[in-house]
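Structural overview for review
One letter stands for each residue in the lines below.
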Amino acid sequence: MLILSCSSKLRLLEGLLRRGLPETLPVYGAVMHVNRGNPAGQEVLVDSWPEFKFVLTRPCREMACDTGNYCANLYSAFYQEEGACRALLGSSDAVDWSQAFLIQGRQDGFCEAVWDIARGRGVDVETYHHQALLHPDPPAMPQHRPGKGLTLAPVSPAHTELLNDTWKIGGNSWSLRYMGLLIRHFPSACLLTPDGHPISWALTDPVASLTHGYTLPGHRGQGHIGVLVGVLAAQLHACGFPVYAGVLPENKPSQHSLHRLGFHTQPGLIYKLMVTPRPTQGQPSSAQGPAPSSGGRPRSHSP
């Protein structure tokens, strides 16, 4: 196991992962952010270098101090050889299985490896499946103007509580801190009324995915999300990021909205797995609801 800290090696890895798109999503987005200021405080591990078979991004160990907060402990993974994936995921040096954490990747073997290791370690896993949608040509995406009287702006930290309270699976202190991280450190966009209240917003996250698109009731059906996605797509593309999103398979309205903007549904899924250590006797459970950005019913796997 190696932690890549050399900037030239990290840039080389980014280029290699780019050739593997879309299979290398979402780890590719995480590596790109590491190479551009590392706003989420991540580090990149490989099984070997320069010939690698597995890539893992994880929180820098000095930052991963909130052991019960999966929102703070975000991992992403990509493998070229499943055996290397299992070996590194199963290593306590690579993954802290004593913490609650969220790990995501696109490959079926990665998902099965997490289930198997979790079963052996006696921890619980909840699995969320998202359909991957990628835009093949972001500059060609239609750009729409905000509606009359509305102002386009980044989401303000002052609106963190509103976003957290309207998040279907938010409303707790962990999700509030996670939402604040996204707003402070990653591209976002919202539409404001003349009195400065947001009515629609969209964010991006540590794996460079579009996420948390939401419009307040009473303002829906007017194309607001299309305006915001167009703005964020232009920002992401200008910085070299792919423009993609993970959408629940049953969320047909969001899929249709993205298709109208030119997104293409990709083969396979994005897997998000929430790993939760079982509480010892007398301790409360560390989990507070479903995984970030899922909003859907999980499949639970436990020994």
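Described below are features of the structure shown in this document. Predicted model, so just to flag it, every value in this text is computed and none were measured. (Residues numbered from 1 in each chain as written. Predicted model: local features only at pLDDT ≥ 70, side-chain atom pairs only at ≥ 80, totals over all residues. Heavy atoms only, no water.)

For a regular strand, the rule is simple: side chains alternate between the two faces of the sheet. By the bridge criterion, four bridges tie strand β9 (residues 198-204) to strand β10 (residues 210-215) in an arrangement that is antiparallel. The residue bridging Trp201 from the neighbouring strand is Tyr214, located in β10. The turn linking β9 back onto β10 is made up of five residues, and Ala208 within it adopts a positive phi angle of 65 degrees. (Pairing = 2+ DSSP bridges. Helix = DSSP H or I, 4+ residues; strand = E, 2+ residues; numbered from the N terminus.)

Counting 38 residues, the largest nonpolar core has Leu13, Leu17, Val55, Leu210 and Phe263 as the members making the most contacts within it. Put simply, the parts of the chain that give this core at least two residues each are α1 (7-19), α2 (27-34), β2 (42-46), β8 (188-192), β9, α7 (224-238) and β11 (244-247). Sort the elements by how many residues they give to this core and α7 lands first, with seven residues. Once residues lying within four places of it in the same chain are set aside, the contact partners of Leu13 are Leu4, Val31, Val44, Trp49, Phe52 and Val55. One finds Leu45, Tyr75, Ala77 and Cys111 within the second-largest nonpolar core, a separate group that totals 26 residues. (Core = buried A, V, L, I, M, F, W, Y, C linked by side-chain atoms within 4.5 Å. Buried < 20%, exposed > 50% of the residue type's maximum accessible area, 1.4 Å probe, protein only. Contact = heavy atoms within 4.5 Å.)

Tracing the backbone shows Thr204 in strand β9. One polar contact links the side chain of Thr204 to the main-chain carbonyl oxygen of Pro187, over a distance of 2.8 Å. If near-sequence neighbours (up to four positions away) are discounted, Thr204 is found in contact with Leu182, Phe186, Pro187, Ser209, Leu210, Thr211, Leu232 and Leu236. (Polar contact = N/O pair within 3.5 Å; in protein donor to acceptor, adjacent residues only side chain to side chain.)

Within this structure, the stated rule accounts for five aromatic pairs. Arranged with centres 6.1 Å apart and planes meeting at 10 degrees, the rings of Trp49 and Phe52 form a pair that is stacked. Assessed through its relative accessible area of 10%, Phe52 is described here as buried. By the ring-pair criterion, three or more aromatic residues cluster together here, those being Tyr75, Trp97 and Phe101. (Phe/Tyr/Trp six-rings, centres within 6.5 Å; stacked < 30°, edge-to-face > 60°.)

Our next topic: unusual backbone geometry. Peptide bonds are mostly trans, and most non-glycine residues show a negative phi. Here the amide bond leading from Leu25 into Pro26 is cis, since omega sits at 0 degrees, within 30 degrees of zero. Within the secondary structure layout, Pro26 lies in the loop between α1 and α2. Look at the link from Trp49 to Pro50: it is a cis peptide, with omega at 5 degrees. The residue Asn38 is not glycine, and still its phi comes out positive at about 50 degrees. Mapping Asn38 onto the fold places it in the loop between α2 and β2. With a relative accessible area of 24%, Asn38 lands in the partly exposed category. One non-glycine residue, His212, adopts positive backbone phi at about 55 degrees. Inspection of the secondary structure assignment puts His212 in strand β10. What makes His212 buried here is its relative accessible area of 13%.

For the rest of this paragraph, the subject is the environment of Pro194. Along the chain, the position of Pro194 falls in the loop between β8 and β9. Taking the C-alpha atoms as reference, Pro194 lies 47 Å from Asp124; in sequence the two are 70 residues apart.

Once that is clear, we can look at the environment of His197. Within the secondary structure, His197 sits in the loop between β8 and β9. Note: C-alpha distance between His197 and Leu162 (35 residues apart in sequence) is 10.0 Å. Discounting chain neighbours no more than four positions away, the residues touching His197 are Leu191 and Leu192.

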